[in-house]
Amino acid sequence: MKLPKLITGDMQAGRVVPPTGVIARLTGFTAGAMAFLAVFALALSLASGRLADRWAAALADSATIRISAPPGQMETQTRAVLKILSETPGVASANALTKEAEKKLLTPWFGPGLPLGELPIPQLIDVQETGKGFDAEGLRQRLSAEAPGAVLDDHARWRRPLVRAAERLRLLGLISIALLTGATAAMITLAANAALAANAQVIRVLRLIGARDSYIARAFVRRFTLRALGGAVAGTGLGMLAIAVMPAAAPEGGFLTGLGFAGIGWLWPLLIPPLAAIVAFAATRFAAFRTLRGLS
Amino acid sequence: MIEFQNVAYNYGGGELLSEMTLTLAPGSFHFLTGPSGAGKTTFLKLCYGELLATAGRVNVFEADVKTLSRDEVARMRRRIGVVHQDCQFLDHLPLAENVALPLTVSGRAVTDTDVEDLLNWVGLKSLAGHRPPELSGGERQRAALARAIIMGPDVILADEPTGNVDWDMSQRLLQLLIELNRMGKTILIATHDLNLIRNAKAQVAARVLRIRNRRLHLAGSDL
Ligand SMILES: Nc1ncnc2c1ncn2[C@@H]1O[C@H](COP(=O)(O)OP(=O)(O)OP(=O)(O)O)[C@@H](O)[C@H]1O
Ligand SMILES: [Mg+2]
């Protein structure tokens, strides 16, 4: 049995079972509510995914060490720091910035005519991490013991737990969608069982005059699939509308204002109604065949 | 057509039907009689696979009913027209659609004139648009007969088809069944209406089976 035939043809198979009235309407409503919620779960999932990606990119695998020391000690401390770094696991490379490079970094703030040689400019060391990163606390302790003028600046690190939280949030969104799908399946199974029980006599008559199980099942499957599809289309539409009219966010806006769909992300929620229809189709078919197998 | 080999049946208590052996040859006409509760309806249910024999073997159209898949049972039932004792219909559909239902569910084309002719034949043409709950007992039985024969079945099983009708109507229904038999259909009628049986025997070569003490007996010429 294919979906298109279910929707277009065989109205007669639908007619042999009397209207299931309130059960069918509740099915449509519930599918709509679930779809509405699924739109938000999806938006949450996509938004936290984007956030995680953005933060992860910002979290460059690098740190900086700044050495401020009297001019006489600068050289020795720099060498000491580089030695420490070469012995620290998790450090891929470290190199001290030349005066030229430092000058370039400072130009935007102080203008080009900066007499760098006369100012006590700290020495900067750029540290590249390996994938795992290094033990910042351990490194800090060694530095303070062996090069008291060195300060480890790994400010990008505070974002790491946030990236993990955003990834977890994305996972929760996906789990929510899975749970909504499961709840929809369970609800439609219950509704289908109620409709099957209410029509036990009809089913018995149909069996006795030679109707095959698939014919009887189709009458119910068709009904619940169409109801679920209709409800889900409405629910998804309303959910997408709600997200579309959410107050626009400044680019730097916080997390909540970033909730929504971006670009082709708007296509994702369009999968919800077909998913609801497939779930209803499978759940009703399963319920119908299980009931029918119990009859002669 | 239908063959019982040493068939027994019980509903879970004591045995209701025992050691039943019988062959319904094509084109034959049989009555099944016996006291109320003897198991006539049960016997018919064994014939169309609503019940499965607890012992022995029931063959329908050369196939052991027990080995048929559910779809095969459905196809087998399309070749057997059954008038049930309780005459159940789909109450939300008009009579004409109910009568045409066996065609509908087997995917065959329904021609309105066929249905109309058939309703005319059982005298229900004027009630075609009515719903089953609006019909009298006798009207339901005639409708059930019309539904049973619309597929042009090879075998017709009728359970008390004249239980709810007056003498004239029972004669008409009998005439319908005799006519079908002359067209070559195999007929089995469960009834305890002895007058009906006598009347039929005057017109066709009908044999009478009787269920007594759980066994099937061929009644003699005492009827
Ligand atoms: N589903 C059932 N479960 C248990 N016992 C049953 C069931 N159906 C029928 N019986 C019993 O089996 C016996 C035979 O029933 P059946 O309906 O076959 O009788 P019958 O000969 O058709 O009677 P009647 O002439 O009144 O229609 C009865 O005693 C009945 O109570
Ligand atoms: Mg009976």
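Residues numbered from 1 in each chain as written. Chains lettered and ligands numbered in written order. Predicted model: local features only at pLDDT ≥ 70, side-chain atom pairs only at ≥ 80, totals over all residues. Heavy atoms only, no water.

**Student:** Help me understand the coordination of the magnesium ion (ligand 2), please; the structure alone is not making it clear to me.
**Tutor:** Between any two of four tetrahedral donors, the ideal angle at the metal is 109.5 degrees; between two of six octahedral donors, it is 90 or 180 degrees. Residues and elements named next belong to chain B. Every protein donor of the magnesium ion (ligand 2) is listed here as Thr-41 (OG1) and Gln-85 (OE1), and their distances to the metal cover 1.9 to 2.2 Å. With a gap of 44 residues between them, Thr-41 in helix α1 (residues 40–47) and Gln-85 in the loop between β6 (80–83) and α3 (95–105) connect regions that are remote in the sequence. Residue Gln-85 is classed as partly exposed on the basis of its relative accessible area of 41%. (Donors = N, O, S within 2.8 Å, 3.2 Å for Na, K, Ca; no water. Helix = DSSP H or I, 4+ residues; strand = E, 2+ residues; numbered from the N terminus. Buried < 20%, exposed > 50% of the residue type's maximum accessible area, 1.4 Å probe, protein only.)

**Student:** Any chance you could explain the sheet that holds strand β2 (residues 17–24) of chain B here in plain terms?
**Tutor:** Backbone hydrogen bonds are what pair the strands of a sheet, in a parallel or an antiparallel way. Residue and element names in this part refer to chain B. Ordered by their spatial adjacency, four strands build an open sheet running β2-β1-β4-β5, and the pairing between neighbours is antiparallel. Edge positions in the sheet fall to β2 and β5 (63–64), since each of these pairs with one other strand and no more. As judged from the two bridges shared by strand β4 (residues 55–60) and β5, these two strands associate in the antiparallel manner. Bridge assignment links Val-60 to a residue of β5, and that residue is Ala-63. Running over the sheet, α1 touches β1 (2–9), β2 and β4 and is turned about 125 degrees from β1. (Pairing = 2+ DSSP bridges. Contact = heavy atoms within 4.5 Å. Axes fitted to C-alpha atoms, helices over the stretch in contact; angles between N-to-C directions.)

**Student:** I'm lost on the interface of chain B and chain A in this one. Help?
**Tutor:** Interface size, as often reported, equals the accessible area lost upon joining of the parts. With 23 residues of chain B at the interface, the matching set in chain A holds 22 residues. Interface area, chain B with chain A, both sides summed: about 2100 Å², of which 53% is carbon and sulfur. Of all residues in chain B, Arg-70, Arg-77 and Val-105 of chain B give up the largest surface area on contact with chain A, accounting jointly for 31% of the area buried on that side. Inspection of the region where chain B meets chain A yields five salt bridges. Counting residues per element, the ones that place at least two in the side of chain B that touches chain A are α2 (70–78) and α3 of chain B. Top contributing element to the side of chain B that touches chain A by residue count: α2 of chain B, with seven residues. Of the residues that constitute the side of chain B that touches chain A, the class distribution is nine nonpolar, five polar and nine charged. (Buried area = accessible area lost by both parts, 1.4 Å probe. Salt bridge = Lys/Arg side-chain N within 4 Å of Asp/Glu carboxyl O. Nonpolar A, V, L, I, M, F, W, Y, C, P; charged D, E, K, R; others polar.)

**Student:** Please clarify how the site of ligand 1 should be interpreted in this entry.
**Tutor:** All names here are of chain B. Near ligand 1 lie 13 residues; those nearest to it are Ser-36, Lys-40, Thr-41, Thr-42 and Gln-85. Here an oxygen atom of ligand 1 sits 2.6 Å away from a polar atom, N or O, in the side chain of Ser-36. Here ligand 1 loses 57% of its free accessible area of 630 Å² to cover by the protein chains. Here the shell around ligand 1 is built from residues that sort into four nonpolar, seven polar and two charged. (Near = heavy atom within 4 Å. Polar contact = N/O pair within 3.5 Å; in protein donor to acceptor, adjacent residues only side chain to side chain. Areas by Shrake-Rupley, 256 points an atom, 1.4 Å probe, with all protein chains shown as cover.)

**Student:** I tried to follow the domain arrangement of chain B on my own but got confused; where do I start?
**Tutor:** Residues and elements named next belong to chain B. Split into domains, chain B comes out as domain 1 (1–79 + 155–223) and domain 2 (89–152). In this structure, domain 1 and domain 2 have C-alpha centres spaced 23 Å apart. With 16 residues of domain 1 at the contact, the number on the domain 2 side is 13 residues. Surface buried jointly by domain 1 and domain 2 totals about 1200 Å² across both partners, of which 65% is contributed by carbon and sulfur atoms. Linking domain 1 with domain 2 are zero salt bridges. (Domains from an automatic or database assignment.)

**Student:** Help me understand the domain arrangement of chain A in this model?
**Tutor:** We note that the domain assignment places domain 1 (3–56 + 160–294) and domain 2 (69–148) within chain A. Here domain 1 of chain A and domain 2 of chain A have C-alpha centroids that lie 58 Å from each other.

**Student:** Can you help me understand the packing of helix α8 (residues 200–208) of chain A against helix α9 (residues 213–244) of chain A in this one?
**Tutor:** Each pair of packed helices can be summarised by the angle the axes make with each other and by the distance between the axes. Residue and element names in this part refer to chain A. Where α8 meets α9, the axes come as close as 10 Å, and the angle between the chain directions of the two elements is 150 degrees. If you check the angle between α8 and α9, you find them roughly antiparallel. Considering the relative orientation of α8 and α9, their crossing is right-handed. In contact with Ile-203, Leu-206 and Arg-207 of α8, α9 contributes Asp-213, Ile-216 and Phe-220. When the residues that make up the contact of α8 with α9 are grouped by side-chain class, the tally is four nonpolar, no polar and two charged. (Parallel < 35°, antiparallel > 145°, perpendicular 65-115°, else oblique. Left-handed = near helix turned anticlockwise from the far one by under 90°.)

**Student:** I would appreciate a short explanation of the packing of aromatic side chains in the present structure.
**Tutor:** The description of two aromatic rings rests on the distance between their centres and on the angle between their planes. The full count for this structure, using the stated rule, is five aromatic pairs over all chains. Against the face of Phe-61 of chain B rests Arg-79 of chain B, its NZ or CZ located 3.8 Å from the ring centre. (Phe/Tyr/Trp six-rings, centres within 6.5 Å; stacked < 30°, edge-to-face > 60°. Lys NZ or Arg CZ within 6 Å of the ring centre and 35° of its normal.)

**Student:** Mind showing me how you'd approach the nonpolar core here?
**Tutor:** All names here are of chain B. Counting 43 residues, the largest nonpolar core has Phe-29, Phe-31, Leu-95 and Val-99 as the members making the most contacts within it. Sort the elements by how many residues they give to this core and helix α6 (residues 167–182) lands first, with seven residues. Each of domain 1 (1–79 + 155–223) and domain 2 (89–152) accounts for three or more of the residues forming this core. If you look at the next biggest cluster of nonpolar residues, it comprises 34 residues, including Tyr-9, Leu-17, Val-58 and Phe-61. (Core = buried A, V, L, I, M, F, W, Y, C linked by side-chain atoms within 4.5 Å.)

**Student:** Just to check I follow, could you spell out the environment of Gln-88 of chain B for this structure?
**Tutor:** Relative to the elements of secondary structure, Gln-88 of chain B occurs in the loop between β6 and α3. What Gln-88 of chain B contacts, discounting residues up to four positions off in sequence, is Gln-201 and Val-205 of chain A together with Arg-140 and Arg-147 of chain B.

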